[in-house]
Amino acid sequence: MDHNILLEAGTNELEIVIFQSGPFIFGINVMKVREIITMLPLTPLPGTPEAIMGLIELRGEVMTVIDLPMVIGHPRDVGDNDRLIVCEFNGEKSVLRVDQVTEIKRISWEQIDTPSDLARGMQGITNGVVKTGDQMIILLDYERIALELSRKDIMARESVKRLGARERSNKQVWIAEDSEMLRTLIIDTLDDAGYFNTTIFNNGKEALDAFEQSDVHCDLLITDIEMPQMDGLHLTKRLREMDQFAELPIIIFSSLISDDLKHKGDAVGANAQITKPEIGMLIATLDEFLA
């Protein structure tokens, strides 16, 4: 994949790989995609969830294959036209089996709507929907699928408990995060760490609207990158353009943090960038800024 795209940070745009699985058309951020390949021989893994097809070896690397048809409730046998989308986030690679890959589109986060309750019902794996032309594309919450299959969210919260108690209830922490599961994880772990005074926003646009009100009191902002309406990079850029928030500590907490992409957070003025679900590191960074 060509990742020399959208090099300018904070444009509120993204490119998505569009693919089909069952009767549905999905999209995934191209920044999470390393390559798209045909099917390879699989080694089954005993004792794993049904959605784990097994392991493949690609150029010396062993990767887990997640069966999207099984995840969305449309299981089927492997077909000749199936494709494997090799993804990387949180510093790890895994593979998604889909029916076919069709194209890449550039869109704005403003085009993306939060899914309705009905859309959320599809195993909770959607984090947005977008209409382009005559297509309705479901943005796949691949992050949630992988976390739930690995249960890394549980391990992440246990790492916070080992940090010990502290008193931070006087600190006002604002959080912009569109994933319901991640919001719950962040709030619960902040509570464990003594940060009880938190305000949640479902996307960057909601957060920016709140920052633009009078008498705002926020000691630190935690923001995801991928969010409907406005992403976290654009939110950070807009806040840095406002004198009253030029020095506000901003932490980007996203699965898109990598050596290749950290320059984007640096360019818009983020103070720290942490990979999900390293929430123990997130709490330690909050302590550093707010102690």
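For clarity, every value in this text was computed on a predicted model and none was experimentally measured.

Calculation rules
Residues numbered from 1 in each chain as written. Predicted model: local features only at pLDDT ≥ 70, side-chain atom pairs only at ≥ 80, totals over all residues. Heavy atoms only, no water. Pairing = 2+ DSSP bridges. Helix = DSSP H or I, 4+ residues; strand = E, 2+ residues; numbered from the N terminus. Axes fitted to C-alpha atoms, helices over the stretch in contact; angles between N-to-C directions. Core = buried A, V, L, I, M, F, W, Y, C linked by side-chain atoms within 4.5 Å. Buried < 20%, exposed > 50% of the residue type's maximum accessible area, 1.4 Å probe, protein only. Contact = heavy atoms within 4.5 Å. UniProt positions renumbered as here; feature names shortened; annotations may be inferred. Phe/Tyr/Trp six-rings, centres within 6.5 Å; stacked < 30°, edge-to-face > 60°. Right-handed = clockwise from strand over helix to strand, strands pointing away. Parallel < 35°, antiparallel > 145°, perpendicular 65-115°, else oblique. Left-handed = near helix turned anticlockwise from the far one by under 90°. Nonpolar A, V, L, I, M, F, W, Y, C, P; charged D, E, K, R; others polar. 1 Å grid on protein atoms, 1.4 Å probe; cavity = no way out; pocket = protein on both sides within 12 Å on 5 of 7 lines; lining within 4 Å. Points joined across faces, edges and corners; volume = space filled by probe spheres on them.

*Asks:* I keep staring at the sheet that holds strand S6 (residues 83-89) and nothing clicks. Help me out?
*Replies:* What links the strands of a sheet is backbone hydrogen bonding, and the strands pair in either a parallel or an antiparallel sense. The mixed open sheet is built from five strands, whose spatial order is S3-S6-S7-S5-S4. A strand with exactly one partner marks an edge of an open sheet, and here the two such strands are strand S3 (33-38) and strand S4 (52-58). When strand polarity is set aside, the average angle formed by the axes of neighbouring strands in this sheet is 30°. Both S6 and strand S7 (residues 92-98) contribute to a ladder of seven bridges, which runs antiparallel. Paired with Ile 85 across the strands is Leu 96, a residue of S7.

*Asks:* I'm lost on the nonpolar core in this one. Help?
*Replies:* For soluble globular proteins, nonpolar side chains are generally found buried alongside one another. Counting 24 residues, the largest nonpolar core has Phe 19, Leu 68, Leu 96, Leu 140 and Tyr 142 as its most contacted members. With residues up to four places along the chain from it excluded, the contact list for Leu 96 reads Phe 19, Ile 66, Leu 68, Arg 83, Leu 84, Ile 85, Leu 140 and Tyr 142. Counting 20 residues, the second-largest nonpolar core is a separate cluster that includes Ile 175, Leu 182, Leu 190 and Ala 193.

*Asks:* Teacher, can you tell me more about the UniProt feature "modified residue: 4-aspartylphosphate" (unreviewed entry) in the chain here?
*Replies:* As recorded in UniProt, the sites labelled "modified residue: 4-aspartylphosphate" (unreviewed entry) are Asp 224. Summarising the element assignment, Asp 224 is placed in the loop between strand S13 (220-223) and helix H7 (232-240). With relative accessibility at 5%, the residue Asp 224 sits in the buried group. In this structure, Asp 224 is in contact with Ala 176, Glu 177, Asp 178, Gly 232, Phe 253, Ser 254 and Lys 276, ignoring residues within four places of it in sequence.

*Asks:* Just to check I follow, could you spell out the packing of aromatic side chains for this structure?
*Replies:* Within a pair of aromatic rings, the relevant descriptors are the distance that separates the centres and the angle that separates the planes. For the coordinates displayed, the defined rule picks out five aromatic pairs. With a centroid separation of 4.6 Å and 45° between ring planes, the pair formed by Trp 174 and Phe 211 is classed as tilted. Residue Trp 174 is found in strand S11 (residues 173-176), and its partner Phe 211 is found in helix H6 (residues 204-211); the two are separated by 37 residues along the sequence. Summarising the aromatic geometry, the rings of Phe 211 and Phe 245 are spaced 4.8 Å apart at their centres and angled 70° between planes, so their arrangement reads as edge-to-face. With Phe 211 in helix H6 and Phe 245 in the loop between H7 and strand S14 (250-254), this residue pair connects regions lying 34 residues apart in the sequence. One aromatic cluster is present, formed by Trp 174, Phe 201, Phe 211 and Phe 245 through successive ring pairs.

*Asks:* What should I look at first to understand the pairing of S14 in this one?
*Replies:* Looking along a regular strand, one sees the side chains alternate between the two faces of the sheet. Counting buried positions along S14 gives five out of five residues, so the element sits mostly inside the fold. In S14, alternate side chains face the same way, and those of Ile 250, Ile 252 and Ser 254 on one face and Ile 251 and Phe 253 on the other are all buried. Strand direction decides the pairing type here: S13 and S14, joined by three bridges, are parallel. Residue pairing across strands places Thr 223 opposite Ile 252, the latter belonging to S14. Handedness of the β-α-β unit built from S13, H7 and S14 comes out right-handed. Where S14 meets strand S15 (residues 272-275), four bridges bridge the pair, whose relative direction is parallel. Looking at S15, one finds that Ile 252 is bridged to Gln 273.

*Asks:* I keep staring at the packing of H6 against H7 and nothing clicks. Help me out?
*Replies:* What describes two packed helices is the angle between their axes and the distance between those same axes. Closest axis-to-axis distance for the H6/H7 pair is 9 Å, and the angle between their directions is 15°. Classified by the angle between their axes, H6 and H7 sit roughly parallel to one another. By crossing handedness, the relation of H6 to H7 is classed as right-handed. For the pair formed by H6 and H7, the contact residues are Gly 204, Ala 207, Leu 208 and Phe 211 on the first element and Leu 235, Arg 238 and Leu 239 on the second. Residues belonging to the contact of H6 with H7 are distributed by class as follows: five nonpolar, one polar and one charged.

*Asks:* Mind showing me how you'd approach empty space enclosed by the protein here?
*Replies:* A water-sized probe, rolled over the atoms, reveals where empty space remains. Tallying each qualifying case throughout the model produces four cavities of 30 Å³ or more. Approximately 90 Å³ is the volume attributed to the second largest cavity. For the second largest cavity, the full set of lining residues is Leu 14, Ile 16, Gly 27, Ile 28, Asn 29, Lys 32, Trp 109, Asn 127, Leu 139, Leu 140, Asp 178 and Glu 226. Of all the secondary structure elements, the ones that give two or more residues to the lining of the second largest cavity are strand S1 (13-21), strand S2 (24-29) and strand S10 (135-140). Broken down by element, the residue count for the lining of the second largest cavity peaks at three residues, all from S2. Taken together, the residues of the lining of the second largest cavity break down into six nonpolar, three polar and three charged.

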